[in-house]
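So you can see what is in the structure, the chains are spelled out below.
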Amino acid sequence: MPLIYYIPAFHKVINNLPQASEYIVFIDLQNLAVGKYNVDNDTVLIQDLVDIVREEVKYILEYLETVFTKCPKCKIYFFYDENRNIFNEKLIPTWKEDRVKTLSKLTYDKKVVYDFSSNISKAVSDVLLYISKYSRFLNVIRLRYIDSDFIPAMSILTKSLTNSDTIFLIISSDFDFIHLTQRKNVFIYDTRNKRRFKGLEDSNLYLYDTTEFIVKKISNRFGIEDEEKCYHIYNNYQLIHALVGDSTDSMPPLIKRVGIKNILKKTGDLLSEGSIVDRIVLDRNFGLEFVRRLTDKDVDKYYIQLLNRLLVTDFILLSTIILEHSNTLPIKYLSSYQHLDYTITKHFDLVVEDIKESLKKSCLLYTSDA
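Residues numbered from 1 in each chain as written. Predicted model: local features only at pLDDT ≥ 70, side-chain atom pairs only at ≥ 80, totals over all residues. Heavy atoms only, no water.

Asker: Teacher, can you tell me more about the pattern of salt bridges here?
Answerer: Side-chain pairs of opposite charge can arise whenever the charged atoms involved come near each other. Across all of its chains, the model carries 11 salt bridges by this definition. Of the charged contacts in the structure, one is a salt bridge between Asp 269 and Arg 293, with a shortest N-O distance of 2.6 Å. Linking Asp 269 in helix H11 (residues 260-271) with Arg 293 in helix H13 (residues 284-294), this pair joins segments that are 24 residues apart in sequence. Between Arg 284 and Asp 300 there is a salt bridge whose closest N-O contact spans 2.6 Å. Taken together, the residues Arg 284 in helix H13 and Asp 300 in helix H14 (residues 299-313) connect sequence positions 16 residues apart. (Salt bridge = Lys/Arg side-chain N within 4 Å of Asp/Glu carboxyl O. Helix = DSSP H or I, 4+ residues; strand = E, 2+ residues; numbered from the N terminus.)

Take a look at the structure:
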């Protein structure tokens with residue numbers, strides 16, 4: 001039986017987090033659905049879809065119940081999106097146009113498996129969404145036309161307004177979440193770290209990803225051996241991501257032939273100060289000067305493109321702007337995005353509607369216990 005959503009030792013992760021009055025766990029449902037290829041090929045193709053969905057839901061609920069039993073103050077939020085990501089496509093026209101899932105380990109038709117996996121993902125998501133309406137601790141957020149990856153950031157942001165000591169755990173192997181760990185009490189647990197899953201025994205400890213571990217991942221990803229430079233990348237990861245692009249999402253570098261080494265060389269003194277996203281967004285002159293360090297051509301155009309990309313790569317920024325647009329927070333960053341047209345900003349309203357619809361029992365946007 002293919003355990004597409006199986007989360008090894010999930011309850012042990014909770015036990016190894018710092019003590020807190022409250023724990024909120026975010027599970028990237030789509031991330032868990034992709035890349036689990038170590039399954040019986042024949043079983044995958046001949047199993048009835050309904051049976052597979054039933055088993056997947058059974059396994060995941062059993063493990064979540066274990067978590068809740070060990071930590072009653074824990075709340076679980078699955079999040080996913082469906083349909084085309086129109087929001088990102090309008091900001092970055094090349095968005096995912098050439099994206100190809102890595103299915104090289106499979107020995108049979110890749111498209112069949114991809115379609116099959118997608119159907120299971122949607123079916124399980126829909127079932128979980130229904131069950132969550134009646135659960136004490138299970139919540140599912142489903143968004144349309146916009147990437148759901150910023151959902152943990154929205155909760156982190158709203159909780160920080162009340163100075164809560166809440167611990168946030170994000171279950172995902174997606175690099176895009178790394179910048180959220182720059183904030184207090186935010187941890188990532190990478191489910192694809194195979195070393196943690198060998199010899200699964202009760203005595204094993206499964207720890208959340210530490211800053212040191214994340215910096216090593218950054219070193220491997222960018223080919224940077226200097227630890228200090230890796231920390232500069234980590235402390236400004238959302239900005240670096242916007243600048244260097246992401247081939248898996250068909251987002252090319254912002255400026256051609258300006259890669260990570262050029263960025264570190266020409267802006268390293270600024271990056272050493274920590275995250276400078278606020279200054280870039282709120283101070284146009286500073287933002288233009290930052291871009292000018294990287295190129296002396298089309299500086300205004302690149303600055304606007306950088307602002308747009310930051311909405312994709314900086315989940316806290318996007319969450320803040322959505323809340324500002326809905327009059328939940330006073331306007332601060334939204335003023336810097338007056339250039340966005342209605343076809344883009346209308347998604348901010350859709351996000352709020354979708355979250356309310358998904359969480360009728362406890363709305364993430366407005367209640368303290370979400």
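Text resumes after the structure shown.
Asker: For this particular structure, what's the right way to read the packing of helix H15 (residues 315-325) against helix H16 (residues 342-358)?
Answerer: A packed helix pair is summarised by two numbers, namely the angle formed by the two axes and the spacing between the axes. Remark: H15 packs on H16, axes separated minimally by 9 Å, with the N-to-C direction vectors making an angle of 85°. If you check the angle between H15 and H16, you find them roughly perpendicular. Of the residues in H16, those in contact with Leu 318, Ile 321, Ile 322 and His 325 of H15 are Thr 345, Phe 348, Asp 349, Val 351 and Val 352. Residues that form the contact of H15 with H16 fall into these classes: 6 nonpolar, 2 polar and 1 charged. (Axes fitted to C-alpha atoms, helices over the stretch in contact; angles between N-to-C directions. Parallel < 35°, antiparallel > 145°, perpendicular 65-115°, else oblique. Contact = heavy atoms within 4.5 Å. Nonpolar A, V, L, I, M, F, W, Y, C, P; charged D, E, K, R; others polar.)

Asker: Can you walk me through the pairing of strand S4 (residues 167-171) in this structure?
Answerer: One face of the sheet, then the other: side chains in a regular strand alternate in exactly this way. For S4, a buried count of 5 out of 5 residues is recorded, marking the element as mostly surrounded by other parts of the structure. Residues Ile 167, Leu 169 and Ile 171 line one face of S4 and the alternating positions Phe 168 and Ile 170 line the opposite face, and both faces are buried. In this structure, strand S1 (residues 23-28) lies alongside S4, joined through 5 bridges in parallel fashion. Counted as the bridge partner of Val 25 is Leu 169 from S4. When S4 meets strand S5 (residues 186-189), the two strands line up parallel, connected through 4 bridges. (Buried < 20%, exposed > 50% of the residue type's maximum accessible area, 1.4 Å probe, protein only. Pairing = 2+ DSSP bridges.)

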